[in-house]
Amino acid sequence: MSDCLFCKIIHGDIPSKKVYENENVYAFKDIYPQASEHYLFISKNHTKDVNELVTSGNELNHIFAAIKDFTENETELAKNGFRVVTNMGKHGCQTVFHTHFHVLGGEQLSSFGK
Ligand code: AMP
Ligand code: ZN
């Protein structure tokens, strides 16, 4: 989508710190990290949120396969543990409407709260 921030990042029109890429998935460092490691995994195919993404072919599998590959083979995250979060809509505090999965780790995280 031409006016989508993350589509612009995928196309290189807006700079990002890329950490992983394959045919279907792009991942980069979150600009305001909420943990010592904080990455965003996105599908190259634009959808607005996770509920739209799950109806769009195999995108969810592609995302989680990329997270598995990255966390196991390029970081210590799989060994030490990490968290995957996707925010949806107003109550979920979604701010960018290109589906994305936050991968957080690199330190001990706290339990969920509000
Ligand atoms: P959410 O609130 O779940 O929609 O998450 C959006 C995330 O995108 C936030 O964690 C932001 O810090 C992050 N973000 C926004 N703009 C950029 C950018 N240009 N590069 C990297 N991360 C960004
Ligand atoms: Zn997009």
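Further up the page is the structure itself.
Small disclaimer: the values here were computed from a predicted structure and weren't measured.

Visitor: I'm lost on the coordination of the zinc ion (ligand 2) in this one. Help?
Guide: Reference values for angles at a metal are 109.5 degrees in the four-donor tetrahedral case and 90 or 180 degrees in the six-donor octahedral case. Binding of the zinc ion (ligand 2) to the protein goes through C4 (SG), C7 (SG), H46 (ND1) and H98 (ND1), at separations of 2.0 to 2.3 Å. In this structure, the zinc ion (ligand 2) is surrounded by four donor atoms whose angles at the metal cover 104 to 116 degrees, and the resulting shape is tetrahedral. As a motif over one chain, the donors of the zinc ion (ligand 2) read C-x2-C-x38-H-x51-H. Taken as a pair, C7 in helix α1 (residues 5-11) and H46 in the loop between β3 (37-43) and α2 (50-53) lie far apart in primary sequence, 39 residues in all. The pair C7 / H46 is uniform in exposure class, with both members buried.

Visitor: Just to check I follow, could you spell out the environment of T47 for this structure?
Guide: Along the chain, the position of T47 falls in the loop between β3 and α2. The class of T47 is buried, set by a relative accessible area of 3%. Along the backbone, T47 and H100 are 53 residues apart, and their C-alpha atoms lie at a distance of 9.3 Å. Residues contacting T47, with those up to four places away along its chain left out, are E52, L53, S56, F97, H98 and T99. Here the side chain of T47 touches T99 through a polar contact of 2.6 Å, side chain to side chain.

Visitor: So what exactly am I meant to see when it comes to the sheet that holds strand β5 (residues 100-105) here?
Guide: Hydrogen bonds along the backbone pair up the strands of a sheet, which may run parallel or antiparallel. With respect to topology, five strands assemble into an open sheet ordered β1-β2-β3-β5-β4, the strand pairing being antiparallel. Either end of the sheet is taken by a strand with one partner, and the two such strands are β1 (18-21) and β4 (82-85). Taken pair by pair, the neighbouring strands of this sheet meet at an average axis angle of 20 degrees, ignoring direction. Across four bridges, β4 lies against β5 in antiparallel orientation. Bridge pairing links V84 to V103 in β5. Against the sheet, helix α3 (residues 59-73) engages β1, β2 (25-29), β3, β4 and β5, with an angle of about 145 degrees to β3.

What counts and what doesn't
- Residue numbering note: each chain is counted from 1, following its sequence as written.
- Here chains are named by letter from A upward and ligands by number from 1 upward, in the order in which they appear as written.
- A pLDDT threshold of at least 70 governs which residues receive local features in this predicted model, and a stricter bar of 80 or more applies before side-chain atom pairs are shown or counted, although totals over entire chains, interfaces and linings include all residues.
- For side-chain calculations, the full set of non-hydrogen atoms in the structure is used, while hydrogens and water are omitted.
- For Na, K and Ca the donor cutoff is 3.2 Å, while for all other metals N, O and S atoms must lie within 2.8 Å; water is not among the atoms, so some sites may look incomplete.
- When four donors show all angles between 85 and 135 degrees the site is tetrahedral, when four or six donors have opposite pairs over 155 degrees and all other angles between 65 and 115 it is square planar or octahedral respectively, and in every other case it is irregular.
- In DSSP terms, a helix is any run of H or I states spanning at least four residues, a strand is any run of E spanning at least two, and both are numbered starting from the N terminus.
- Burial classification: accessible surface area is computed with a 1.4 Å probe over protein chains only, and a residue below 20% of its type maximum counts as buried, one above 50% as exposed, and the rest as partly exposed.
- The contact definition used throughout considers only heavy atoms, calling two residues in contact when any of these lie within 4.5 Å.
- In the analysis that follows, any N or O atom pair within 3.5 Å is treated as a polar contact, provided that within protein one partner can donate a hydrogen and the other can accept it, and provided that, for residues neighboring in sequence, both atoms belong to side chains.
- In this description, strands pair whenever DSSP reports at least two bridges between them.
- Comment: axis = line fitted to C-alpha atoms, over the contacting stretch for helices; angle = value between 0 and 180 degrees taken between N-to-C directions.

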